[in-house]
Amino acid sequence: MVKIINNNNPEIVLIGATSIGRDLGPRVSARVKTGLTADCTSLEIGEDNELLMTRPAFGGNIMATIVCPNHRPQMSTVRPGVMESKLKDEKRIGEIEILKVEFTDEINKIKVIEVVKKEREEKGIDEASILVSGGRGVGSKENFDILMELADSLDGTVSASRAAVDAGWIEHLKQVGQTGTTVRPNVYIACGISGAIQHVAGMEGSEYIVAINKDSEAPIFDVADLGIVGDVHKVLPELIKQIKAI
Ligand SMILES: Cc1cc2nc3c(=O)[nH]c(=O)nc-3n(C[C@H](O)[C@H](O)[C@H](O)COP(=O)(O)OP(=O)(O)OC[C@H]3O[C@@H](n4cnc5c(N)ncnc54)[C@H](O)[C@@H]3O)c2cc1C
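The sections below set out a description of the structure shown in this document. Quantities reported herein were computed from a predicted structural model and do not represent experimental measurements.

## A few points about the site of the ligand
Alright, step 1. Near the ligand, the surroundings consist of 26 residues, among which Arg136, Ser161, Thr179, Ser194 and Gln198 are the closest.
Alright, step 2. Interatomic distance of 3.4 Å between a backbone N/O atom of Gly180 and an oxygen atom of the ligand.
Alright, step 3. Within the backbone of Lys214, an N or O atom sits 3.1 Å from a nitrogen atom of the ligand.
Alright, step 4. Calculation on the ligand without its partners gives an accessible area of 990 Å², and the protein chains cover 77% of this total.
Alright, step 5. Those elements that provide at least two residues to the shell around the ligand are helix 4 (162-166), helix 5 (197-200) and helix 7 (232-245).
Alright, step 6. The residue inventory of the shell around the ligand, partitioned by class, reads 5 nonpolar, 16 polar and 5 charged.

## Considerations on helix 3 (residues 144-153)
Alright, step 1. Here helix 3 has its buried residues at Phe144, Leu147, Leu150 and Ala151. What you see down the axis of helix 3 is that its buried residues fit within an arc of 110°, all on one side. Facing away from the buried side of helix 3 by more than 90 degrees, the exposed set consists of Asp145 and Asp152.
Alright, step 2. In this structure, the buried side of helix 3 is in contact with strand 7 (130-134), strand 8 (157-160), helix 4, strand 9 (187-191) and helix 7.
Alright, step 3. One or two positions beyond helix 3, positive phi appears at Asp155, with a value near 60°.

## What to know about the packing of aromatic side chains
Alright, step 1. Inspection of the entire model under this criterion finds 1 aromatic pair.
Alright, step 2. Ring centres 6.3 Å apart and planes at 55° place the aromatic pair Phe144 and Trp169 in the tilted group. Taken together, the positions of Phe144 in helix 3 and Trp169 in the loop between helix 4 and strand 9 put the pair 25 residues apart, joining distant regions of the chain. Neither Phe144 nor Trp169 differs from the other in exposure class; each is buried.

## Remarks on the sheet that holds strand 1 (residues 12-16)
Alright, step 1. An order of 1-6-2 is seen for the 3 strands of this open sheet, with the pairing classed as parallel. This sheet does not close on itself; its edge strands, each paired only once, are strand 1 and strand 2 (36-40). Each strand of the sheet is rotated relative to its neighbour by a mean of 20°, with strand direction disregarded.
Alright, step 2. Bridge count for strand 1 against strand 6 (residues 74-78) is 5 bridges, and the pairing is parallel. Bridge pairing in strand 6 links Leu14 to Ser76.

Conventions and cut-offs
- Every chain's residues receive numbers from 1 upward, in the order its sequence appears when written.
- Totals for whole chains, interfaces and linings use every residue, but because this is a predicted model, local features are given only for residues with pLDDT of at least 70 and side-chain atom pairs only at 80 or more, for both listing and counting.
- In computing side-chain properties, one takes all heavy atoms of the structure into account and sets aside hydrogens as well as water.
- Being near a molecule or strand, for a residue, comes down to having at least one heavy atom within 4 Å of it.
- What qualifies as a polar contact is a pair of N or O atoms within 3.5 Å, subject to a donor-acceptor requirement within protein and to the restriction that residues adjacent in sequence count only when both atoms come from side chains.
- Surface exposure here means Shrake-Rupley accessible area, sampled with a 1.4 Å probe, where a residue is shielded only by the protein chains that are shown.
- Elements are defined by DSSP. Helices are runs of H or I of four residues or more, strands are runs of E of two residues or more, and each kind is numbered from the N terminus.
- The classification used treats Ala, Val, Leu, Ile, Met, Phe, Trp, Tyr, Cys and Pro as nonpolar, Asp, Glu, Lys and Arg as charged, and all other residues, Gly among them, as polar.
- The buried label applies to any residue whose accessible area, calculated with a 1.4 Å probe on protein chains only, is under 20% of its type's maximum; exposed applies above 50%, and partly exposed to all values in between.
- Our arc is simply the arc of the directions from the helix axis toward the C-beta atoms.
- Any two residues having at least one pair of non-hydrogen atoms within 4.5 Å are treated as being in contact.
- Aromatic pairing here means that ring centres of Phe, Tyr or Trp (its six-membered ring) are within 6.5 Å. Orientation follows from the plane angle: under 30 degrees is stacked, over 60 is edge-to-face, and everything else is tilted.
- The pairing criterion is simple: DSSP has to find at least two bridges between the two strands.
- What counts as an axis is a line fitted to C-alpha atoms, over the stretch in contact for a helix, and the angles between N-to-C directions run from 0 to 180 degrees.

Here it is as structure tokens:
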């Protein structure tokens, strides 16, 4: 990457904020002596072709737009799912250039002996088209069973807020939000989730949002298409019963 950047002097270098990209991006930016804005939620081109890189800052309380005026390339990482993908357009073509890069044993300080892939029984939350998400209001690890039942009845997947993850009710892989995964399912059902800005940042791009919360003032209702004010423990069994009846 460093060799390619030094040879081609690109104005902008974008890297996916995946686990590999988050490791690679800053190491490359340090070597080419430029800055990097991590986990951007929006990218625009401003005057003089500068890249305007927007991301949450100060614990998600403000959105900061960052520029890199004095160094090139302008580098940014973006999480998968943050931006809507365009439909495939066969007319658009690009030139593919194959670059030969030599790797010698001298520069390889790490030797990959074997790659072992962790088996995932179900879809990742970023791939699910229906997500049933639980928060602190779900109350306990055992209470997540009913969310699983609802997800199963809809062919969906269970996800969670950070409060539920921190309580140990569900694994971090399932966390939606600023420090979790950004999701864009067709339907997002938020159960007992207040709608903190850091959570909303990871799910507001969902097509249709249903919120179930016993507090009618909960901020999650501001982003919901359908709001149900009620106790999840009463609403969910009824919802499952009616879905099964259909
Ligand atoms: C730097 C930073 C990064 C963060 N990253 C994330 C992140 O990635 N993802 C994330 O989710 N959070 C994140 N947070 C935490 C975030 O600020 C909130 O604390 C968290 O989202 C709250 O989770 P919650 O909505 O489940 O819990 P709470 O805010 O406690 O809300 C629980 C809700 O459940 C409702 N409720 C209670 N009982 C019931 C019931 N029986 N039936 C129906 N409703 C009920 C309550 O009315 C309440 O609205 C981050 C915070 C910081 C500072």
